Amino acid sequence: MIERRKTRQIHVGDVAIGGGAPIAVQSMTNTDTADVEATVSQILRLEKAGCEIIRVAVPDMDAAGAVRAIRDRISIPLIADIHFDSRLAVAAVENGAQAIRINPGNLGGPEMLARVVAAVKLHNAPIRVGVNSGSIEKDLLAEFGYPTPERPDALIESALRNVRLLEQQGFEDMKISIKSSDTLTTISGYRRLSEEIDYPLHIGVTEAGGLIAGTVKSSVALGILLFDGIGDTFRISLTRDPEEEVRVGYELLRSLRIRQRGPEMISCPTCGRTKIDLFPLAEEVERYLQTMQSTIKVAVMGCVVNGPGEAREADIGIAGGVGVGIIFKKGEIWKKLPEDQLLPVFLEELKKMEREQR
Ligand code: SF4
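The shown structure was predicted, so the numbers you read here are calculated from the model rather than taken from an experiment.

**Observations regarding the overall build of the protein**
Regarding its fold elements, the protein presents 12 helices and 15 strands. The proportion of buried residues among the 358 residues of the protein is 45%. In the protein, the proportion of contacts linking residues at least 24 apart, taken out of those at least 6 apart, comes to 62%.

Okay, structure coming up:
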């Protein structure tokens, strides 16, 4: 149903981006990159959650130096995020960063950029050209005004200018992002950009907000873009633990039927017929599901009368009654149990189904 726009393909480490490759889910650490222990342990948790590419901030030489030790202990490709300082970009790549995110125009001029390009070419590392509303050049702002949904031109022109800077250096191994914190500007900007270039696009809403606001904003913007076939990789940016970014990312892909990872949970909103304290039960089941890999559909429902029927499409479900509850499979009652046994038996059955699906 979704026809993806054709883009070139690049590789960040062993992850293909663009050219029909699966849309890669990224995140960014929020630890001090120079603190190798803290950064590695966060990345390992992110890997478990399904993160496929990780970006780390490299604000100084300590952070650039830490890249080597971090990379040695993680399995997913690492992108170094650099602002202004070409020496940091070169050092990060020499230390094993598999890609860098820069704004080529703010590295201090063509000579500095040439050094960075020489380093990334040597190490086979692509560049993410990362433009955002706050980094647009003054002359473009004067000409086009601050980007708006009706007129995102300054963002587009800034991205194209930065792309050209790399092309002039004979470098085309890149992907592009143009970030705005405004949902509609993000949508109109990427739509325009995807008509101008065929480099792969990293999409996202920057400074999207906390869990609820950020999830809604990102899902609206990225959902519409992905539905249009635009976007080859993304990060959901949230003021939250980055693991949540990855979870939201997969839910977004699942809801568009683009990619599926882990179980899907459906749960009823509860109503006057609810016979069990459903919220903590649903939370406990959800926590457990985050540890699972299989793609089964799991339901958590508030009453035994309507629950199994309303969640007929679920492979397995749980529904609560007064003092007793049921576990059902594909809408049919499988077991009736006293309330205190309901959750343990349910989780045990989930474990068994996970083993069988492997
Ligand atoms: S499953 Fe039962 S409790 Fe939940 S919304 Fe439906 S009728 Fe209400």
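**Remarks on the sheet that holds strand E13 (residues 316-320)**
Hydrogen bonding along the main chain pairs the strands of a sheet, whether they run parallel or antiparallel. Within the open sheet, the five strands sit side by side as E11-E12-E13-E14-E15. Their pairing is mixed. The open sheet has two edge strands with one neighbour each: strand E11 (264-267) and strand E15 (332-338). Ignoring strand direction, the axes of neighbouring strands in this sheet form an average angle of 20°. Sheet topology note: the strand E12 (residues 297-301)/E13 ladder contains four bridges and is parallel. Each residue of the ladder has a partner; that of Val300, found in E13, is Ile318. Contacting E11, E12 and E13, helix H10 (residues 278-289) crosses the sheet at an angle of about 165° to E12.

**Considering the site of the ligand**
Every residue lining the ligand is accounted for by Cys268, Pro269, Thr270, Cys271, Arg273, Thr274, Met301, Gly302, Cys303, Asn306, Gly307 and Glu310. For the shell around the ligand, the per-class residue count stands at five nonpolar, five polar and two charged.

**Here's the deal with helix H3 (residues 86-94)**
Burial analysis of H3 places seven of its nine residues in the buried class, which makes it a mostly covered element. Among the residues of H3, Ser86, Leu88, Ala89, Val90, Ala91, Ala92 and Val93 are the ones counted as buried. For H3, the elements touching its buried residues are helix H2 (61-72), strand E5 (78-81), strand E6 (99-102) and helix H4 (110-122). Directly after H3, the chain includes Gly96, whose backbone phi takes a positive value near 110°.

**Brief notes about the sheet that holds E5**
Read across the sheet, eight strands follow the order E8-E7-E6-E5-E4-E3-E10-E9 without closing on themselves; strand pairing throughout is parallel. Taken across any chain shown, the strands that pair with only one partner, and hence form the sheet edges, are strand E8 (174-179) and strand E9 (202-203). Pairing of strand E7 (residues 127-132) with E8, which is carried by six bridges, proceeds in the parallel orientation. Residue Ile127 lies in a different strand from E8, and its bridge partner there is Met174. Its contacts with the sheet place helix H9 (residues 242-255) against strand E3 (24-28) and strand E10 (233-235), and it is angled at close to 160° to E3.

**Remarks on the pairing of strand E14 (residues 324-329)**
With four bridges joining them, E13 and E14 adopt antiparallel strand pairing. Residue Ile318 lies in a different strand from E14, and its bridge partner there is Ile327. If you look at the hairpin formed by E13 and E14, you'll find three residues sitting between the two strands, and Gly323 has a positive phi there, around 75°. Note: E14 against E15, six bridges, orientation antiparallel. In the sheet register, Ile327 faces E15, and the bridge partner there is Lys335. Between E14 and E15, which pair antiparallel one after the other, the connecting turn spans two residues, and Lys330 there sits at a positive phi close to 50°.

**Comments concerning the environment of Phe84**
Counting through the fold element by element, Phe84 comes out in the loop between E5 and H3. Separated by 171 residues in the primary sequence, Phe84 and Ser255 place their C-alpha atoms 38 Å from one another.

**Structural notes on the domain arrangement of the protein**
Looking at the assigned domains, one finds that the protein contains domain 1 (10-255) and domain 2 (264-357). Measuring from the centre of the C-alpha atoms in domain 1 to the corresponding centre in domain 2 gives 39 Å.

**Some points on the nonpolar core**
Counting 76 residues, the largest nonpolar core has Ala80, Ala89, Ala92, Ala97, Ile100, Ala159 and Ile176 as the members making the most contacts within it. When sequence neighbours within four positions are dropped, the list of residues in contact with Ala159 reads Val129, Val131, Ile176, Ile178 and Leu193. With 21 residues, the next largest nonpolar core counts Leu281, Ala299, Phe328 and Leu350 among its residues.

**Quick notes on the packing of helix H7 (residues 183-196) against helix H8 (residues 211-227)**
The interhelical angle for the contact between H7 and H8, taken along N-to-C directions, is 20°, at an axis separation of 9 Å. Comparing their axes, H8 and H7 come out roughly parallel. The element H7 and its partner H8 pack so that their crossing is right-handed. Residues Thr183, Thr186, Ile187 and Tyr190 of H7 touch H8, and the partners they reach there are Lys217, Val220, Ala221, Ile224 and Leu225. Classifying every residue of the contact of H7 with H8 gives six nonpolar, two polar and one charged.

Reading the values: the criteria
Residues numbered from 1 in each chain as written. Predicted model: local features only at pLDDT ≥ 70, side-chain atom pairs only at ≥ 80, totals over all residues. Helix = DSSP H or I, 4+ residues; strand = E, 2+ residues; numbered from the N terminus. Buried ≥ 20, exposed ≤ 12 C-beta atoms within 10 Å, placed from the backbone. Contact = placed C-beta atoms within 7 Å. Pairing = 2+ DSSP bridges. Axes fitted to C-alpha atoms, helices over the stretch in contact; angles between N-to-C directions. Near = placed C-beta within 6 Å. Nonpolar A, V, L, I, M, F, W, Y, C, P; charged D, E, K, R; others polar. Domains from an automatic or database assignment. Core = buried A, V, L, I, M, F, W, Y, C linked by C-beta atoms within 7 Å. Parallel < 35°, antiparallel > 145°, perpendicular 65-115°, else oblique. Left-handed = near helix turned anticlockwise from the far one by under 90°.

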